[in-house]
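# What the coordinates show
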Amino acid sequence: MMQHGPTSYAGDHMFFVRRHDTLIDAPPEAVFDYVCNPHSWPEWLPASHKILIHVNNTNPILDEDSPERAELSRAGIEVAYDGMEVKL
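Residues numbered from 1 in each chain as written. Predicted model: local features only at pLDDT ≥ 70, side-chain atom pairs only at ≥ 80, totals over all residues. Heavy atoms only, no water.

## Digging into the overall build of the chain
The helix and strand inventory of the chain stands at three helices and four strands. In the chain, the order of α-helices and β-strands from amino to carboxyl end is β-β-α-α-β-α-β. Buried positions account for 11% of the 88 residues belonging to the chain. Considering only contacts within the chain whose residues lie at least 6 apart along the sequence, 28% involve residues at least 24 apart. When the accessible surface of the chain is split by element, carbon and sulfur atoms take 57% of a total near 8200 Å². (Helix = DSSP H or I, 4+ residues; strand = E, 2+ residues; numbered from the N terminus. Buried < 20%, exposed > 50% of the residue type's maximum accessible area, 1.4 Å probe, protein only. Contact = heavy atoms within 4.5 Å. Areas by Shrake-Rupley, 256 points an atom, 1.4 Å probe, with all protein chains shown as cover.)

## Details of the side chain of Arg-69
Summarising the element assignment, Arg-69 is placed in helix α3 (residues 67-74). Here Arg-69 is buried and forms no salt bridge, its nearest opposite-charge partner Glu-64 lying at an N-O distance of 4.1 Å. Discounting chain neighbours no more than four positions away, the residues touching Arg-69 are Ile-61, Leu-62, Asp-63, Glu-64 and Val-79. (Lys, Arg positive; Asp, Glu negative; His and termini not counted. Salt bridge = Lys/Arg side-chain N within 4 Å of Asp/Glu carboxyl O.)

## Some words on a negative patch on the surface
A cluster of acidic residues, Asp-63, Glu-64, Asp-65, Glu-68 and Glu-71, forms a negative patch at the surface. Residue placement: Glu-64 occurs in the loop between β3 (50-52) and α3. According to the relative accessible area criterion, Glu-64 is exposed, its value standing at 63%. (Patch = residues over 30% accessible without salt bridge, like charges linked within 9 Å, V, L, I, M, F, W, Y side chains within 5 Å. Charge placed at Lys NZ, Arg CZ, Asp CG, Glu CD.)

## Focus on the confidence of the model for the chain
Residues with a pLDDT of 70 or more make up 69% of the chain, whose mean pLDDT is 79. No element of the chain has a lower mean pLDDT than strand β1 (residues 7-10), at 57, and none a higher one than α3, at 93. (pLDDT = per-residue confidence, 0-100.)

## A word on the side chain of Lys-50
Examined against the element boundaries, Lys-50 turns out to sit in strand β3. A residue is classified by how much of its surface remains accessible, and Lys-50, at 15% relative accessible area, is buried. A polar contact is formed between the side chain of Lys-50 and the backbone oxygen of Ala-75, at a distance of 3.4 Å. (Polar contact = N/O pair within 3.5 Å; in protein donor to acceptor, adjacent residues only side chain to side chain.)

## What to know about the environment of Ile-51
Structurally, Ile-51 can be placed in strand β3. Classification of Ile-51 by relative accessible area gives partly exposed; the value is 21%. Excluding residues within four positions of it along the chain, Ile-51 makes contact with Glu-78, Val-79, Ala-80, Met-84 and Val-86.

Pasting the structure below:
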């Protein structure tokens, strides 16, 4: 006999049922815009990491004391450097 709910039984075996459903009360377009916006990633995807890897030598973000670099830091964005290694 099968029982439905958090625990189910079949013969002498017991099964635990886990659910990971999330109800999002928003139109699909709003959800798509939210998850595709890199500024919202740290809110829902804590493992996200942003690193700029292809930067022109004249770009002011290469100067660690520049206002442009400070703005990137506030946004949680790193600038790659020669020899940088990233583990995936």
